[in-house]
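Listed here are the chains, written in short residue letters.
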Amino acid sequence: MPIYEYQCNACQKEFEALVLGSDTPACPACSSRDLSRLMSRCGFVSKSAGPGGETQVTSSSASSTCSSCSAGSCASCGMG
Ligand SMILES: [Zn+2]
């Protein structure tokens, strides 16, 4: 399931939304559709600030779960 993280440009609220096809999510706080899509926490964390401060490009990418993503299924880690 493709779950993306968005930030509302109107009220700055950050939220996650399940996006199917060409669906455009709306802000749950103000219903605005003026949103910025953020990089998923999974990809963002592993690229910029991993738990050990290093980029994780070793065997973790082949493991069954994403080590830095609590959800375990995000678009970036390809495990969804
Ligand atoms: Zn909003």
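Above this text you will find the structure in question.
Residues numbered from 1 in each chain as written. Predicted model: local features only at pLDDT ≥ 70, side-chain atom pairs only at ≥ 80, totals over all residues.

### A word on the overall build of the protein chain
On a plain count of helices and strands, the protein chain comes out with one helix and three strands. Mapped from its N terminus to its C terminus, the protein chain presents α and β elements in the order β-β-β-α. Of all intrachain contacts in the protein chain linking residues separated by at least 6 positions in sequence, the fraction that spans at least 24 positions is 41%. (Helix = DSSP H or I, 4+ residues; strand = E, 2+ residues; numbered from the N terminus. Contact = placed C-beta atoms within 7 Å.)

### Section: unusual backbone geometry
The phi dihedral of Gln12 is positive, around 70°, even though this residue is not glycine. Assignment of secondary structure puts Gln12 in the loop between β1 (3-8) and β2 (14-18). A residue is classified by how many C-beta atoms lie within 10 Å of it, and Gln12, with 11 of them, is exposed. (Buried ≥ 20, exposed ≤ 12 C-beta atoms within 10 Å, placed from the backbone.)

### What to know about the environment of Pro2
Residue position: Pro2 is located in the segment before β1. The exposure class assigned to Pro2 is partly exposed, which follows from the 14 C-beta atoms found within 10 Å. Distance from Pro2 to Leu18, taken between C-alpha atoms, is 5.9 Å for residues 16 residues apart in sequence.

### As for the sheet that holds β1
Strand order across the open sheet formed by three strands is β2-β1-β3, with antiparallel pairing between neighbours. Every other strand in the sheet has two partners, leaving β2 and β3 (35-38) as the edge strands with one partner each. Pairwise comparison of adjacent strand axes, ignoring direction, gives a mean angle of 40° for this sheet. (Pairing = 2+ DSSP bridges. Axes fitted to C-alpha atoms, helices over the stretch in contact; angles between N-to-C directions.)

### Some remarks on the environment of Arg37
Along the polypeptide, Arg37 turns up in strand β3. The exposure class of Arg37 is exposed, given the 12 C-beta atoms found within 10 Å. Arg37 sits 32 residues away from Glu5 along the chain, and the two C-alpha atoms are 6.0 Å apart. What Arg37 contacts, discounting residues up to four positions off in sequence, is Tyr4 and Tyr6.

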